[in-house]
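The chain contents come next:
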Amino acid sequence: MPSRHMAGLGMSVALAGGLTVGLLPAAATAAPARADRTVARPAAASDNAVAAGSCAITRWANKGYYKCGTKVLDVDWDKNGTTDETFVVAANRTIWHTWRAADGWKEMPGHGRADNTGGWARIANWRAVTVWAGSTSYCNTFKSGKWHSWKRKCG
């Protein structure tokens, strides 16, 4: 059963087939950002479009920047009332995450691009996070100890 945090995403759930959710392919125009304890720090001060659209965020000791006006997705995987992992979309549309033991912000595997974060779910022994690219949602799953690529359907 999906987490209540996935509600309102307009997706359907099929336990046997996985979640029906949906990220823009890696062929987006923005260059990937570096994982240097920041989330998509603008490459140069002259990049006013990115700099103007960036808001600061700190989780644990990790300071970074995300796209202003987008949802910061704080996830409580073990449902103990504390945040275990945080996901954001940077101003250049790259997707980032960090957690307590991380040594900074990390770009999510799969080189996806998004306009906003969506929701999350923990189903059996795997985790899922969704993002929105336009009106389409995409999903990345954490299985077998690692995050995978972005797909329209979780499973």
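Residues numbered from 1 in each chain as written. Predicted model: local features only at pLDDT ≥ 70, side-chain atom pairs only at ≥ 80, totals over all residues. Heavy atoms only, no water.

- As recorded in an unreviewed UniProt entry, the protein goes by Secreted protein and comes from Streptomyces anandii.

### Quick notes on the sheet that holds strand β9 (residues 116–123)
Part 1: Reading across the sheet, the four strands line up as β9-β10-β11-β12 and stay open at both edges, with antiparallel pairing between neighbours. In the strand order of this sheet, the two ends are held by β9 and β12 (146–147), each with one partner. (Pairing = 2+ DSSP bridges. Helix = DSSP H or I, 4+ residues; strand = E, 2+ residues; numbered from the N terminus.)

### Thoughts on the pairing of strand β7 (residues 95–99)
Part 1: The buried count for β7 comes to four of five residues, which makes it a mostly enclosed element.
Part 2: Two elements, strand β6 (residues 85–89) and β7, share five bridges in a ladder whose sense is antiparallel. Across the sheet, residue Thr86 finds its bridge partner in β7, namely Thr98.
Part 3: Counting the residues that bridge the hairpin from β6 to β7 gives five residues, and of these Arg93 lies at a positive phi of roughly 80°. (Buried < 20%, exposed > 50% of the residue type's maximum accessible area, 1.4 Å probe, protein only.)

### Here we look at the pattern of salt bridges
A side chain with one charge may pair with a side chain of the opposite charge, provided their charged atoms come close.
Part 1: All chains considered together, the criterion is met by four salt bridges.
Part 2: Two residues, Arg59 and Asp74, come together in a salt bridge whose shortest N-O distance is 3.0 Å. Of this pair, Arg59 sits in strand β3 (residues 54–59) while Asp74 is found in strand β5 (residues 73–75), placing the two residues 15 residues apart along the sequence.
Part 3: Classification of Asp74 by relative accessible area gives partly exposed; the value is 31%.
Part 4: Between Lys106 and Asp103 there is a salt bridge, and its shortest N-O distance comes to 2.4 Å. (Salt bridge = Lys/Arg side-chain N within 4 Å of Asp/Glu carboxyl O.)

### Some words on the nonpolar core
Part 1: Judged by nonpolar contacts, the single largest core of 15 residues is most densely connected at Trp77, Phe87 and Ile95.
Part 2: The set of elements that each furnish at least two residues to this core consists of β5, β6 and β10 (126–133).
Part 3: If one sorts the elements of this core by residue count, β10 sits on top with three residues. (Core = buried A, V, L, I, M, F, W, Y, C linked by side-chain atoms within 4.5 Å.)

### Some details on the side chain of Thr130
Part 1: The residue Thr130 is located in strand β10 in this model.
Part 2: At a separation of 2.8 Å, a polar atom in the side chain of Thr130 contacts the main-chain amide nitrogen of Gly119. (Polar contact = N/O pair within 3.5 Å; in protein donor to acceptor, adjacent residues only side chain to side chain.)

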